[in-house]
Every structure is written in structure tokens, then in C-alpha cells.
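Commentary on secondary and tertiary structure
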Amino acid sequence: MPNHSTALAHQFDDIEQQHDSVSLGMWIFLSTEIMFFGGMFLGYALYRAWYSPAYAAASRHLDILLGGINTGVLLCSSLTMALAVHAAQLGARRTVVIFLIATILLGSVFLGIKGFEYYHKYEEHLIPGDHFQFEGANPKHAQLFFSFYFALTGMHALHMIIGIGLMLVMILLTLRGRFSPQYYFPIEMAGLYWHFVDIVWVFLFPLLYLVDRS
Amino acid sequence: MSEHIVEKKTYFGVFGALMALLGATVVIAYIHLGKLNVIAALTIASIKAILIILYFMHVRYSSRMLWIFVGAGFFWLLILFALSFSDFLTRGWLPQPTAWE
């Protein structure tokens, strides 16, 4: 087995078994993430069932164009992430670094647009709290919508920041020559994390921005 | 090597489908369908999620054991939503007694 000696941890029979084990472990972690976000999604959904008129009115205050662009940006970053893993499987070190940098840049664009949206909400007094102002039938219900909006998008943004940190580490390890076509698993697992965060946004976009636009 | 290397054109194909679905979900949101709007939005989001999981996350090319692990996470989510909604959304179905006789 060429090149395996440095990558293969001693508790595994071979590199395939190690790969299966690493993937299972990552997916167990992602399952806990599903539960973590699932609870917040449930809270959002229950109050949406009860306060649907206020949810619809509050959702119209979100910018569909910025939200849509951000969804596209995140989908692009998932593509560059997938291509980075692809390059890692082929051992093309330079290409890996380029695609990881592209992923970081796209993630940063997403966070920048998100920050711009947050600033607008601040200017419009739509941040829940003492200064919350909402012209509508049920301001208290609308405030609840914005509480879920900030909790869900805030936790999502935190995951993005952690993801960008992970990518920086992967770039460093790639430049130090830690990976090979036989052993590229950390990049693939960081990719799983990035794609998961993308999936969370895939649900957040229609649920927050597109409540009742017709 | 047991790990399957996905062809680049597969990734680009999946990406194209994801962008098309993003366009579709925005367009459909502006068409008045009543309760079908939210169902359409969630269906499209689920298709996008499944595409990402199967191709970008390589689950399609992974072992059956991994399929069970992935399925378990989402099955748990199904339980959470099904049991919670079966409680909260059915509370008004039966008349409540005003007082014990």
C-alpha cells in the first residue's frame, strides 16, 4: 500500500475502513446539528400556524432580492466546495487551494450581505426589544417572527463563520502537504459541514422570505 | 480506492438544477395558490436538500450503513414535527368542557 503508512491510523485495517469510519462519525455529528436546528424550526413552524397573518406581514419586510442572491451565492460556494474535494481526490494541490479560497470568498460575500440586511432591520426598528416598531395588526406576533428570524439566521451565520475557519485550516494543511489522493478525508468532512450549512439555508430562505408573497 | 470519484459534469449538472429550483421557488411564491404555496416551497427545498445530500455530500456513493445513519437524523426530525403538530394543531377540534359536572 503506497503512501498509506503516514495516513492510516493504527486502529484501522485499511484506508477504506478508516474512510467509512470518518464518514459515519461526521454524519453522527451532523445528526446532532439536525436536532439543534430542528428545534428552532419547530418553534418557528408552530407560531407560524397560529400567527400566520402577522408572519405574512412581517415576512414582507425582508428583501427577497438580497435573500435570493444570498441563496445563489451559497449554492455557488457549495459547488466550489465540491470541486475542492474533487481536486483533493485527484491530488491537485493548487486547485484545492484555489477552490477553498473561492469557497471562503463566497461565504464572506454571504455574510456581508447578511450584515447589510441586519443593518437595515436595525434602521427600520425591526430588532425585537424595547425599540421594536411595527405598523400592523399584531406587532407582538410580528416581533416573534423577527425573534425567530434573528435566532435562525444568526445561528446559521455563526455556522458559516466556523465553516470559514475550517476552510482556512484546510488550506494550511493542504499547503503543508498533509493530504494525498489516498488521504484527503479532512477536506471531505469539512465539505460535509459546509454543505449541511447550505442545506439549512435552503430551508430558511423560503420559510423566512417567501411566507406569503402572492 | 473504494471511494467513488464523482465526475465534474455531475457536479455542474446538480448545481444547474439547484439554481433552476431556486428560480422556481421564487416565481411560485408570487403565484397565488393558497395553502399550496407553502407545500410547493417545502417540496422544492426538500428536492434541493436531497440533491445536495446525494451528490455534493457523496451519500449516493456511500455504504448502506451510512444511509441508515443519514436517514436516522432526518427520521428523528419527522418524529419531532409529526408528534408536536398532532398535539398543537388538533387542540381546537373537540369542544372543551366548561366545568366538571
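Above this text is the structure in question.
So, here is what we can say about the structure in this document. Please read these numbers as outputs of a predicted model, since none were measured by experiment.

1. Some words on the overall build of chain B
The secondary structure content of chain B amounts to three helices and zero strands. In chain B, the order of α-helices and β-strands from amino to carboxyl end is α-α-α. By the compact-globule yardstick of 13 Å for 101 residues, chain B is too spread out, its C-alpha radius of gyration being 20 Å. Principal-axis analysis of the C-alpha atoms places the extent of chain B at approximately 75 × 40 × 10 Å.

2. Structural notes on the interface of chain B and chain A
If you look at the interface, chain B gives 41 residues, while chain A gives 36 residues. Sorting the residues of the side of chain B that touches chain A by element identifies helix H1 (8-29), helix H2 (36-56) and helix H3 (64-88) of chain B as the ones contributing at least two each. Among the elements that line the side of chain B that touches chain A, the one with the most residues is H3 of chain B, at 13 residues. Residues belonging to the side of chain B that touches chain A are distributed by class as follows: 30 nonpolar, eight polar and three charged.

3. Describing the packing of helix H2 (residues 15-50) of chain A against H3 of chain B
Running from N to C, H2 of chain A and H3 of chain B cross one another at 15 degrees; their axes reach a closest spacing of 9 Å. Accordingly, the angle class assigned to the pair H2 of chain A and H3 of chain B is roughly parallel. Crossing angle aside, the handedness with which H2 of chain A passes H3 of chain B is right-handed. Within the contact of H2 of chain A with H3 of chain B, the residues separate by chemical class into 19 nonpolar, five polar and no charged.

4. Observations regarding unusual backbone geometry
Backbone geometry follows two general trends: most residues other than glycine have a negative phi, and most peptide bonds adopt the trans configuration. Within the chain, His 125 of chain A stands out as a residue other than glycine whose phi angle is a positive 55 degrees. Mapping His 125 of chain A onto the fold places it in the loop between helix H5 (93-123) and helix H6 (139-175). With a phi close to 65 degrees, His 58 of chain B is a non-glycine residue in the positive phi region. Structurally, the position occupied by His 58 of chain B is in the loop between H2 and H3.

Calculation notes
Residues numbered from 1 in each chain as written. Chains lettered and ligands numbered in written order. Predicted model: local features only at pLDDT ≥ 70, side-chain atom pairs only at ≥ 80, totals over all residues. Helix = DSSP H or I, 4+ residues; strand = E, 2+ residues; numbered from the N terminus. Rg over C-alpha atoms; globule rule 2.2 N^0.38 Å. Contact = placed C-beta atoms within 7 Å. Nonpolar A, V, L, I, M, F, W, Y, C, P; charged D, E, K, R; others polar. Axes fitted to C-alpha atoms, helices over the stretch in contact; angles between N-to-C directions. Parallel < 35°, antiparallel > 145°, perpendicular 65-115°, else oblique. Left-handed = near helix turned anticlockwise from the far one by under 90°.

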